[in-house]
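A structural walkthrough
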Amino acid sequence: MSDQDFVSATISDLSPLIQERKLSPVEITRWHLERISKLNGSLNAFLTVLADDAISQARTAENEIARGHYRGPLHGIPIALKDIIAVKGVRMTCGSRVLGDRVSTRDATVVARLREAGAVLLGTLHLHEFAWGATSINPHFGNARNPWNPDRIPGGSSGGSAVAVAASMAMATLGTDTGGSVRIPSSLCGTTGLKPTYGRISRDGVFPLCNSLDHVGVLTKNARDAALVLRAIAGTDSRDPASAHRQVPDYSQGLEDSIRGIRVGCLRGFFAEDLSDDVKSAVETAVGHLLDLGAQVEELSLPLMNHVPGTSLAIMTAESYAVHEHFLRERAYEYGADVRLRLLMGAMVSASQYLKAQRFRRLLCEQTAQAMNRFDVLVAPTTPIAATPIGQEVITLGNRQIAVGTSLSRLTRPANMMGLPAISVRCGFSTEGLPLGFQIIGRPFEEATILRVAHAYQTTTEWHRRRPL
């Protein structure tokens with residue numbers, strides 16, 4: 001295969017070739033390691049590269065397949081992980097100096113499941129410190145950079161996870177999503193980013209930010225690949241108290257089914273405010289495309305959404321402070337200034353305020369559940385803006401100036417508050433040539449439905465096929 005073939009290839013393209021022994025996992029892995037060596041100095045996606053171990057895993061996969069033991073579509077596929085997910089024998093920094101060079105003593109559940117599926121682990125990926133930010137600007141490990149324009153942010157907190165997929169440095173990656181941290185960088189870097197239902201994927205071995213909002217998510221080149229990875233890592237886990245006791249379906253089944261007649265709620269009000277003109281136009285066109293595919297589209301406003309950003313922030317700051325309180329007492333100076341401030345804000349959230357925020361959350365879930373009785377999916381922009389220059393702190397939208405981080409996470413926070421599955425797909429480009437994202441939200445544990453809508457959109461458009469490098 002040529003370099004361009006590998007750049008464009010998806011998991012679903014390569015896995016049949018691996019199974020038929022027309023393509024070696026070693027060849028695929030070597031190509032990705034060379035790609036990392038070539039690009040990581042400028043894009044800063046990887047914090048730790050496991051080159052020797054990856055080649056060893058690839059050889060094992062090759063030998064297993066030669067003996068007729070093919071594990072499935074991830075067997076021999078190079079995958080990388082956000083550096084907040086434990087890999088046995090590998091340092092886990094969480095993007096911070098606070099943890100130093102602490103080495104994980106065992107695999108997180110998602111890592112163990114990837115190994116069972118035969119995936120090749122390439123290394124660990126850059127992130128906003130402790131996953132508490134939306135830009136992936138990091139004072140300890142430098143800034144991850146957007147492959148479409150290295151002077152722009154990739155979004156966060158799973159910035160390295162999105163960069164690695166967008167720049168074809170890994171076939172798929174895992175990230176975490178507490179307020180949008182899989183979908184935001186997916187939108188800004190133009191990948192497909194899936195946050196499943198709360199409890200669908202185990203968070204065992206994942207350093208927490210906010211336990212009641214944390215999700216593990218998947219970043220890939222398209223929805224079909226997201227379905228393959230989700231199938232491999234989803235499922236109940238006794239190590240995670242929030243893990244859902246739900247059967248895991250084969251998400252690839254039904255992916256090709258028509259979306260004719262599917263009921264789509266186009267979110268307005270809160271979701272249509274403070275958008276850039278580029279985003280507004282691209283999302284309207286995407287909604288029109290769903291109509292052309294036979295979907296039934298109706299506009300919908302949910303008044304309580306206006307209160308989500310403040311309420312979500314109260315929950316996140318309170319819970320994250322509880323996680324970091326012991327570190328802050330002795331090592332506060334080792335945090336980056338932005339993350340230290342967010343953590344310390346949590347000390348000012350009273351028990352009464354926290355409980356009121358959680359009560360509001362229940363009302364929000366009830367209102368949305370009632371509305372979704374009429375719809376199969378809801379759609380909205382993923383982020384109100386495209387990637388901003390590194391270091392820019394404020395964006396002007398209309399007559400308002402809004403903090404970049406606030407703007408980026410505003411439209412993704414609701415799905416975390418409600419624990420609903422949501423996927424971001426590329427729906428166009430800004431006038432500056434930067435990717436724009438379109439968000440599809442489903443009912444609890446109906447990942448198959450949002451994947452089907454995303455797949456239908458992607459197979460009838462070309463946006464997701466463009467590559468930055």
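For the structure, check the block above.
Residues numbered from 1 in each chain as written. Predicted model: local features only at pLDDT ≥ 70, side-chain atom pairs only at ≥ 80, totals over all residues. Heavy atoms only, no water.

**Concerning the nonpolar core**
In terms of nonpolar packing, the biggest core is built from 132 residues, with V110, L114, L174, L290, F438, I440 and L451 touching the most fellow members. Sorting elements by how many residues they give to this core places helix 10 (residues 308–331) first, with eight residues. For V110, the residues in contact, after removing those within four places along its chain, are I85, L174, I201, S202, V216 and I233. Judged by nonpolar contacts, the second largest core, of 25 residues, contains F46, V120, A164 and V165. (Core = buried A, V, L, I, M, F, W, Y, C linked by side-chain atoms within 4.5 Å. Buried < 20%, exposed > 50% of the residue type's maximum accessible area, 1.4 Å probe, protein only. Helix = DSSP H or I, 4+ residues; strand = E, 2+ residues; numbered from the N terminus. Contact = heavy atoms within 4.5 Å.)

**Side note on the pairing of strand 9 (residues 377–381)**
Of all five residues making up strand 9, five are buried, and the element is well covered by its neighbours. Looking at chain direction, strand 9 and strand 13 (residues 435–442) are connected through five bridges and run antiparallel. Paired with V379 across the bridge in strand 13 is I440. (Pairing = 2+ DSSP bridges.)

**With respect to helix 12 (residues 351–371)**
With 21 residues, helix 12 ought to run about 30 Å at 1.5 Å a step, and its terminal C-alpha atoms sit 31 Å apart, in line with that. Residues of helix 12 that are buried include every one of A357, Q358, F360, R361, L364, T368 and A371, and no others. Here the buried residues of helix 12 occupy an arc of 160 degrees about the axis, which is enough to place them on one side. Away from the buried face of helix 12 by more than 90 degrees, exposed residues A351, K356 and Q370 are located. Residues of helix 12 that are buried in the fold lie against strand 8 (296–300), helix 10, strand 9 and helix 14 (413–418). (Expected span 1.5 Å × (residues − 1). Arc of directions from axis to C-beta.)

**So, helix 3 (residues 25–43)**
Here helix 3 is 19 residues long and its end C-alpha atoms lie 25 Å apart, about the 27 Å a rise of 1.5 Å per residue gives. The largest bend along helix 3 reaches roughly 35 degrees and is located at S37. All of the buried residues in helix 3 are P25, V26, I28, T29, W31, H32, L33, R35, I36, L39, N40 and L43. Capping the start of helix 3 is the job of one residue whose side-chain oxygen sits 3.0 Å from the backbone nitrogen of V26: S24. Following helix 3 by one or two positions, N44 has its phi on the positive side, about 55 degrees. (Bend = angle between axes of the 7 residues up to and from the residue. Polar contact = N/O pair within 3.5 Å; in protein donor to acceptor, adjacent residues only side chain to side chain.)

**Digging into the packing of helix 10 against helix 11 (residues 337–345)**
For the pair helix 10 and helix 11, the least separation of the axes is 6 Å and the interaxial angle reads 105 degrees. Considering the angle they form, helix 10 stands roughly perpendicular to helix 11. Listed contacts from helix 11 to L313, T317, S320, Y321, H324 and L328 of helix 10 are R342, L343, L344 and M345. Classifying every residue of the contact of helix 10 with helix 11 gives six nonpolar, three polar and one charged. (Axes fitted to C-alpha atoms, helices over the stretch in contact; angles between N-to-C directions. Parallel < 35°, antiparallel > 145°, perpendicular 65-115°, else oblique. Nonpolar A, V, L, I, M, F, W, Y, C, P; charged D, E, K, R; others polar.)

**Describing the sheet that holds strand 3 (residues 120–125)**
The eleven strands are arranged 1-3-2-4-6-5-12-13-9-7-8 in an open sheet whose pairing can be described as mixed. The open sheet is flanked by strand 1 (46–49) and strand 8, the only strands paired with a single partner. In this sheet, neighbouring strand axes are inclined to one another by 30 degrees on average, regardless of whether the strands run parallel or antiparallel. As judged from the three bridges shared by strand 7 (residues 263–267) and strand 9, these two strands associate in the parallel manner. Along strand 9, the bridge assignment pairs C266 with V379. Together, strand 1, strand 2 (78–82) and strand 3 form the strand contacts of helix 3, whose direction differs from that of strand 3 by roughly 20 degrees.

**Side note on the pattern of salt bridges**
Within the structure shown, the criterion is met by 22 salt bridges. Ionic pairing is found between D177 and R183, a salt bridge with its closest N-O pair at 2.9 Å. We note a salt bridge from E299 to R268, for which the minimum N-O separation is 3.2 Å. Here E299, found in strand 8, pairs with R268, found in the loop between strand 7 and helix 9 (277–292); they are 31 residues apart in sequence, far enough to count as distant. One network of salt bridges, with partners in common, ties together R263, D376, R443 and E446. (Salt bridge = Lys/Arg side-chain N within 4 Å of Asp/Glu carboxyl O.)

**With respect to unusual backbone geometry**
Across the junction of G156 and S157, the peptide omega takes the value 5 degrees, indicating a cis bond. Positionally, S157 belongs in the loop between strand 3 and helix 6 (159–166). Despite not being glycine, A131 shows a phi value in the positive range, around 65 degrees. Summarising the element assignment, A131 is placed in the loop between strand 3 and helix 6. A131 sits in the buried class, given a relative accessible area of 6%.

**Re the packing of aromatic side chains**
All chains considered together, the criterion is met by seven aromatic pairs. Residues F270 and F271 carry aromatic rings whose centres are separated by 5.2 Å and whose planes lie at 90 degrees to one another, so their mutual orientation is edge-to-face. Given the relative accessible area of 5%, F270 is considered buried. Overall, the relative accessible area of 2% leaves F271 in the buried class. Ring centres of F438 and Y457 lie 5.9 Å apart, and the angle between their planes is 50 degrees; on these two criteria the pair is classed as tilted. Separated by 19 residues along the polypeptide, F438 in strand 13 and Y457 in helix 15 (residues 447–459) bring together distant segments of the chain. The residues F438 and Y457 share a single accessibility class, namely buried. (Phe/Tyr/Trp six-rings, centres within 6.5 Å; stacked < 30°, edge-to-face > 60°.)

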